[in-house]
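Below are the chains, spelled out letter by letter.
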Amino acid sequence: MEKRCLDSGVKGVSTGTTILAAIFDGGVVIGSDSRASIGGEYVSSKTINKVIQVHDQIFCCMAGSLADAQAVTKAAKFHLSLHSIQMETPPLVISAASVLKDLCYKNKEELQAGFITAGWDTKKGPQVYVVSLGGMLHSQPVTIGGSGSTYIYGYVDAKYKPKMSREECLQFATNALALAMGRDNVSGGVAHLVVITETGVEHVVVPGNKLPKFHDE
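These numbers come from a predicted model, not from an experiment.

1. Describing the packing of helix α1 (residues 66-87) against helix α2 (residues 93-106)
Packed helices, taken two at a time, are described by the angle their axes make and the gap between the axes.
Reasoning step 1: Packing of α1 against α2 leaves a shortest axis separation of 10 Å and a crossing angle of 130°. In terms of orientation, α1 lies oblique with respect to α2. Considering only the axes of α1 and α2, their crossing is right-handed. For the pair α1 and α2, the contacting residues are V72, A75, A76, H79 and L80 in the first and S95, A96, V99, L100 and L103 in the second.
Reasoning step 2: Taken together, the residues of the contact of α1 with α2 sort by class into eight nonpolar, two polar and no charged.

Given below as structure tokens:
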């Protein structure tokens, strides 16, 4: 990777996205919008899937530089596949988050990407981890990220409840994404959502014209 100049005159990379993950009773929902922008000013794609499967029941969402995020998730997939073969068992969610954390930390001078990792494993059940810029790792029951997240902190704080049902959590995530996409000019497109439980994985796509509306748009 080409090393970026850290001069103060260089404009930072806009995250230009909305990503989230939330634990419910028995599983976890992870999701994002689908709009990609250049420098936070020009929409380059309306159909990017930012929810990446890194192993069978482990997914991550990416924010920041798309090229950096894709490179990191590709490397993480390789590490987790090798780990699974060596251990003869699926990797833990914390293992996946730790791989992403190590990759981000070791390359923190070159990378501008952050991640939300969510999944289910036999040891701890549903889990959500945040890997921020620079490689900090911490666990949360619900988390949001990207430029659109600044518009929905109040909604998430008010509406998220532990032990929600699958349907309640899916509606909560859809509403949060819809609110962010309605306010943030570099978040938009469709809502990509993945529901992860002990029994498997379900992909849900909500088209832009089917998203709930909370104000005149």
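Moving on, there is more to tell.
2. Brief notes about the pattern of salt bridges
Reasoning step 1: Summed over the entire model, instances satisfying the criterion amount to four salt bridges.
Reasoning step 2: Note that D33 is salt-bridged to K50, the shortest N-O span being 2.9 Å. Taken as a pair, D33 in the loop between β2 (27-32) and β3 (36-38) and K50 in the loop between β4 (42-45) and β5 (51-55) lie far apart in primary sequence, 17 residues in all. Residue D33 shares its accessibility class with K50, and that shared class is buried.
Reasoning step 3: Across the pair D102 and K101 runs a salt bridge whose closest N-O atoms are separated by 3.1 Å.
Reasoning step 4: A relative accessible area of 33% means that D102 is categorised as partly exposed.
Reasoning step 5: According to the relative accessible area criterion, K101 is partly exposed, its value standing at 24%.
Reasoning step 6: Each of the salt bridges in this network shares a partner with another, and the network as a whole consists of R166, E167 and E202.

3. Re the pairing of strand β6 (residues 58-64)
Reasoning step 1: Among the seven residues that make up β6, six are buried, leaving the element largely enclosed by the rest of the structure.
Reasoning step 2: Where β5 and β6 come together, four bridges link them in antiparallel fashion. The partner of Q53 across the bridge, within β6, is F59.
Reasoning step 3: Two strands pair when backbone bridges link them, and β6 and strand β7 (residues 113-121) are joined in this way by seven bridges, in the antiparallel orientation. Paired with G64 across the bridge in β7 is A113.

4. A short note on α2
Reasoning step 1: Over its 14 residues, α2 extends 20 Å from the first C-alpha to the last, a length consistent with the 20 Å expected when each residue adds 1.5 Å.
Reasoning step 2: Packed against the buried residues of α2 are β6, α1, β7, β8 (125-131) and β9 (137-139).

5. Section: the sheet that holds β5
Reasoning step 1: If you trace the five strands from one edge of the open sheet to the other, you get β5-β6-β7-β8-β9, paired in antiparallel fashion. Every interior strand has two partners, whereas the edge strands, β5 and β9, have only one. Neighbouring strand axes in the sheet, compared pairwise and without regard to direction, differ in orientation by 25° on average.
Reasoning step 2: Its contacts with the sheet put α1 on β5, β6 and β7, and the angle it makes with β5 is roughly 20°.
Reasoning step 3: Strand contacts of α2: β6, β7, β8 and β9, with the helix running at about 165° to β7, the strand carrying the most contacts.

6. Details of the nonpolar core
Reasoning step 1: If you look at the biggest cluster of nonpolar residues, it comprises 42 residues, and the most contacted ones within it are V29, I30, F172 and L193.
Reasoning step 2: Per element, the largest residue contribution to this core is ten residues, and it comes from helix α4 (residues 166-183).
Reasoning step 3: Those residues in contact with I30, other than ones at most four positions away along the chain, are L20, A21, V51, F59, C60, C61, I116, A118, H192, L193, V194 and I196.
Reasoning step 4: Counting 21 residues, the second-largest nonpolar core is a separate cluster that includes I52, V72, A76 and L111.

7. Quick word on the sheet that holds strand β1 (residues 19-24)
Strand pairing in a sheet is mediated by backbone hydrogen bonds. Such pairs are either parallel or antiparallel.
Reasoning step 1: Ordered by their spatial adjacency, five strands build an open sheet running β10-β1-β2-β11-β12, and the pairing between neighbours is antiparallel. Two strands lie at the open edges of the sheet, namely β10 (142-145) and β12 (200-206), each paired on one side alone. Going from strand to strand, the sheet's axes swing by 15° on average, the running direction of each strand aside.
Reasoning step 2: With four bridges connecting them, β1 and β10 associate as antiparallel partners. In the strand pairing of β10, I19 is matched with G145.

What counts and how
Residues numbered from 1 in each chain as written. Predicted model: local features only at pLDDT ≥ 70, side-chain atom pairs only at ≥ 80, totals over all residues. Heavy atoms only, no water. Axes fitted to C-alpha atoms, helices over the stretch in contact; angles between N-to-C directions. Helix = DSSP H or I, 4+ residues; strand = E, 2+ residues; numbered from the N terminus. Parallel < 35°, antiparallel > 145°, perpendicular 65-115°, else oblique. Left-handed = near helix turned anticlockwise from the far one by under 90°. Contact = heavy atoms within 4.5 Å. Nonpolar A, V, L, I, M, F, W, Y, C, P; charged D, E, K, R; others polar. Salt bridge = Lys/Arg side-chain N within 4 Å of Asp/Glu carboxyl O. Buried < 20%, exposed > 50% of the residue type's maximum accessible area, 1.4 Å probe, protein only. Pairing = 2+ DSSP bridges. Expected span 1.5 Å × (residues − 1). Core = buried A, V, L, I, M, F, W, Y, C linked by side-chain atoms within 4.5 Å.

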